[in-house]
Amino acid sequence: MDILEKIQNNGLVFDGAMGSMLISKGIAGGEASELWNLKHPDIIREIHRAYYDAGSDVATANTFGASAIKLKKMGVTQSVEDVNRTGVQIARSVCGKNQYVAGDMGALGDMLEPMGPVSFDEAVDCFAQQAGFLEDEGVDVFLIETIFDVNIAFAAIKAVRSVSKKPVFCSLTFKKMKKGFFTIFGNNPKDSMKSLVDAGATAVGANCSMGSRTMIDLAREIKGSVSVPVIIMPNAGMPETTKDTAVFYPEDKFFFADSIKKIKTLGVEIIGGCCGTTPEYIKKIKEII
């Protein structure tokens, strides 16, 4: 079944976190998680398989920060092509019938001009290189996520559209302010979602930066602003630190899944989890929706 048909028929369930899962597997602080595609492919495969087994329709390839600019910033010297291609290959190796692989693309690690050193055209070229590798490996959908500057999203969408006709899901990250929801660059949900659709996004929404209860109000606002499918993937609450400095996320799978159920009742078609969520969260979501 085509992924867009799947959305129309039953909706779509993405997987949960990759980063916090790798922390539990022992990744070092400051280490690029995408490098584990080459160093520890069995662990990445195990995580994808666990999400599929829990009920995820989509596994998100471990390529979030695998653009050339971001990898260089993280000190990665291995081939950008190898990191991206291997990331998709690992996810595809455990992908079953009526399951899908998303090519994940995130922020560059640097801001665009004039706030930062990267020009819009440089960003497009960088994203296009990454998207080309993901397209060649046969991803079913592109996921541009955790973006706090809508102009970065525009660059990524333009880049993907230069190499592929496949669906593009684009998700920004917002904060709740006194006057409403905004990205840290001041983008509001209504205007930014409409502009992402105009730029060529197939589905739009929000992920990360807030817990599941707060995300309900944001999901309502986004759903009311566009006619395309909406994607919502909250954190399992906001990260907290224990006395020994360990980071944890306070929402358990029952609380989180209940929030997702409320988000689904708003008509949101595509849901999943972000930081702090695990296969157990996805399993509980599937049970209640």
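In what follows, the structure referred to is the one given above.
The numbers attached to residues start from 1 for each chain and follow its sequence in the written order. It should be noted that, the model being predicted, local features are given only for residues of pLDDT at least 70 and side-chain atom pairs only at 80 or more, the latter also being counted only at that level, while totals for whole chains, interfaces and linings use all residues. Side-chain numbers come from the whole structure's heavy atoms, not from hydrogens or water.

## Comments concerning helix α12 (residues 279-288)
Of all the residues in α12, the buried ones are Pro 279, Tyr 281, Ile 282, Lys 284 and Ile 285. The criterion used for residue contact is that any of the two residues' heavy atoms lie within 4.5 Å. Numbering goes from the N terminus for both helices and strands, where a helix is a DSSP run of H or I of at least four residues and a strand is a run of E of at least two. For α12, the elements touching its buried residues are β1 (12-13), α2 (19-24), α4 (41-54), α11 (253-265) and β12 (270-271). Buried means the residue's accessible area, taken with a 1.4 Å probe over protein chains only, is under 20% of the maximum for its type, while exposed means over 50%, and partly exposed covers the values in between.

## Thoughts on the packing of helix α10 (residues 212-223) against α11
The N-to-C vectors of α10 and α11 enclose an angle of 10°; their axes lie 9 Å apart at closest approach. Here α10 is positioned roughly parallel relative to α11, judged by the angle of their axes. Note on element contacts: α11 touches α10 through Phe 255, Phe 256, Asp 258, Ser 259, Lys 262 and Ile 263, opposite Ser 212, Arg 213, Met 215, Ile 216 and Ala 219. Only the stretch in contact is used when fitting a helix axis, every axis being a line fitted to C-alpha atoms; angles between N-to-C directions are given from 0 to 180 degrees. Each angle gets one of four labels, with under 35 degrees taken as roughly parallel, over 145 as roughly antiparallel, 65 to 115 as roughly perpendicular, and the rest as oblique.

## A word on the nonpolar core
By size, the foremost hydrophobic cluster in this structure holds 74 residues, and its most contacted members are Ile 144, Leu 196, Ile 232 and Ile 263. A total of 8 residues in this core trace back to one element, the largest contributor, which is helix α8 (residues 150-161). With sequence-adjacent residues up to four places away left out, Ile 232 is seen in contact with Ala 206, Met 215, Ala 219, Ile 222, Ile 263, Val 268, Ile 270, Ile 271 and Gly 272. The term nonpolar core refers to a set of buried residues drawn from Ala, Val, Leu, Ile, Met, Phe, Trp, Tyr and Cys, joined through side-chain atoms within 4.5 Å.

## Considerations on the environment of Asp 191
You can see Asp 191 is positioned in helix α9 (residues 189-199). Classification of Asp 191 by relative accessible area gives partly exposed; the value is 49%. Expressed as a C-alpha distance, the spacing of Asp 191 and Val 118, which sit 73 residues apart in the sequence, is 24 Å.

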